[in-house]
Structures are given as structure tokens and as C-alpha cells.
Amino acid sequence: MSVVLVAIAAGGVTIAVAGSVPARKPITRAQADGYAKAVNLRASDLPGATAIKGEIFGREAVQYEALRCGLQGRPGIVPVGGGESWLSNRRALADSVVAGVGSLVVVTPSNYYAEAEIAGLESRGGRTCLVRALGRALSFERRHKTESSHTVKVTVVPIGKYVAGVHLDIHVLAKLPPIEGLKPEVTEARYINVDAAFFRVGPADIAFFALGATRFPPATEIQLLTLLHGRAEAHKL
């Protein structure tokens, strides 16, 4: 079983400002990475959770694939920097075979790019792309062939009513492919619940993800999103 993420490339642009107002200096990679570290989820944010560390993710992550849905055919935005965090949460979700939450921070060269990406996610085409991406949240390698889960049901959650600044929250129920060679309790869990929420603060796009054989508790999701948004505003670039 593999959950995958993609590494962030470095880059940046200088924004020219007309008149006597001095141009804003471009955001550096160090600033972007430091911002992501200050904002992202930590194990202490969720009782019973442990941080997943190490190079365990590949280059085609559902997290980054989901954010790319906001581009809608436009040239790719080269981020300045950022980072991600993933927590395993078996104790908090004892009835889930797979249970985890994660956050992703991508710092773009300017507010314009970050806003355009989030706006693209909220469009009809962006949501369609997002639903497909989230449905492929889990993949399995079998006989040298990769098989992925796929979406069977979608719910758009009005989480913005509870967390200021959150633009979009989607819940996807995805069906897993047949899995050979795994424990019976895993084989029986034929569906995976995927929650994803997105928001922007300045030049940064921030995403929250939750995976589990059962639905992630909405109250806990609101709590973690509120925490993420508060940190993002407190450390705003």
C-alpha cells in the first residue's frame, strides 16, 4: 500500500511596482520552507498521532495532483518552496484500518498565483479534476502493475461556515481494488474515505487531507483547519 507525495521545486520571480513605491523583494526558498514548517500540522496537534518521517513518498502524490487541478490547463506555477506533514492516527480512529491526516503548504511567487490556483479548484473543471485525483488516493503494486482506488461518491462540505477563509472542502468515498496477500481485516475494508480542504493566505496555498476506512470526525477536522489557518495568518509572508 502506498500513499505518495511530490517534492517541491525551487524558483521565484521579482514583482515590479510602478512609481516610487519600492518593489517587494522576491520570497526566498528559505523563507518559504520556514513558513511551511511553522504552519504545517505537528503530532502534538492531534492526540494519539505520530509523525511519519523519512523519504516514503514518491513523485505523483494525490496531494500535489489535487492542487494542480487548480491550474486548468494554464502553464504550471513553479513554487518558491514549501513542505508537507503527514500524521498516522490509529489511536484516535481505532476503528479505521488506514487512518491519517496531512497538510501541505505551497508558497508561490506572489498572491496572484496562489489566488489563481485556488480559484481554479473552485471552478467546475477544477472540482471534476479534484474528485478524480482524490479518488486515486491509495494505490497498490501487484504483479508489476499499479492499481488504484476510484471515486464512487462525492460530497461538497460547506466547511467555510465553521472555518474562516477555507474555500473548498470535499469528501470522497473511494472503492479499493481487490487486494491479495493482506490481512483479512484489511481486505474487508473495501472503501476509503478521503477529505480535502483548501485555502489561501497571501502567496501560500494550504491544503488539509484526511484518509480513513471510516469518515474523519468533522469536529476534529474543523479544529485542525482552524489551527492551520491561524498559523498561516500569524506567519503570513
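Before any of the text, the structure's been laid out above.
Draft legend 1. Expanded view of the overall build of the protein chain. Each helix and strand counted, the protein chain has six helices and nine strands in total. Counting every position in the protein chain, which comprises 237 residues, the buried fraction comes to 47%. Here the analysis covers contacts within the protein chain between residues at least 6 apart in sequence; of these, 70% occur between residues at least 24 apart. When the accessible surface of the protein chain is summed, it comes to about 11,800 Å², and 55% of that surface belongs to carbon and sulfur atoms.

Draft legend 2. Inspection of the pairing of strand E8 (residues 191-201) at higher detail. Counted residue by residue, E8 has nine buried out of 11 residues, so it is predominantly covered. Sheet analysis places strand E7 (residues 166-175) next to E8, joined by nine bridges and oriented antiparallel. Residue pairing in the sheet places His171 in a bridge with Asp195 of E8. For E8 and strand E9 (residues 204-212), the ladder comprises nine bridges, and the chain directions are antiparallel. By the bridge assignment for E9, Ala196 is matched with Phe209. Count of turn residues in the E8/E9 antiparallel hairpin: two residues, of which Gly202 carries a positive phi of about 60°.

Draft legend 3. Structural context of the pattern of salt bridges. According to the stated counting rule, one finds three salt bridges in the structure shown. For Arg29, the salt bridge goes to Asp33, with nearest N and O atoms at 3.1 Å. Residue Arg29 and its partner Asp33 are both found in helix H1 (residues 29-39); the two are separated by four residues, about one turn of the helix. Look at Arg29 and you get partly exposed, because its relative accessible area is 39%.

Draft legend 4. View of the packing of H1 against helix H6 (residues 218-234). Relative orientation of the contacting elements H1 and H6 amounts to 145°, with a least axis distance of 9 Å. Every pair of crossing elements has a handedness; the one defined by H1 and H6 is right-handed. Contacts between H1 and H6 involve Tyr35, Ala38 and Val39 from the first element and Leu228, Arg231 and Ala232 from the second. Its residues assigned to classes, the contact of H1 with H6 shows five nonpolar, no polar and one charged.

Draft legend 5. Focus on helix H3 (residues 111-122). Spanning 12 residues, H3 covers 17 Å between terminal C-alpha atoms, matching the ideal 16 Å at 1.5 Å per step. When we look at burial in H3, the residues that qualify are Ala114, Ala116, Glu117, Ile118, Gly120 and Leu121.

Draft legend 6. Just the state of the cysteines, in detail. Under the criterion given, the structure shown has one disulfide. Two residues share a disulfide in this structure: Cys69 and Cys129, whose sulfurs sit 2.1 Å from each other. On the sign convention where negative means left-handed, the S-S torsion of about -70° between Cys69 and Cys129 marks this disulfide as left-handed. Of this pair, Cys69 sits in the loop between helix H2 (62-68) and strand E2 (81-88) while Cys129 sits in helix H4 (residues 124-135), and the two are 60 residues apart along the sequence.

Conventions used here
- Residues numbered from 1 in each chain as written.
- Predicted model: local features only at pLDDT ≥ 70, side-chain atom pairs only at ≥ 80, totals over all residues.
- Heavy atoms only, no water.
- Helix = DSSP H or I, 4+ residues; strand = E, 2+ residues; numbered from the N terminus.
- Buried < 20%, exposed > 50% of the residue type's maximum accessible area, 1.4 Å probe, protein only.
- Contact = heavy atoms within 4.5 Å.
- Areas by Shrake-Rupley, 256 points an atom, 1.4 Å probe, with all protein chains shown as cover.
- Pairing = 2+ DSSP bridges.
- Salt bridge = Lys/Arg side-chain N within 4 Å of Asp/Glu carboxyl O.
- Axes fitted to C-alpha atoms, helices over the stretch in contact; angles between N-to-C directions.
- Left-handed = near helix turned anticlockwise from the far one by under 90°.
- Nonpolar A, V, L, I, M, F, W, Y, C, P; charged D, E, K, R; others polar.
- Expected span 1.5 Å × (residues − 1).
- Disulfide = S-S within 2.5 Å.

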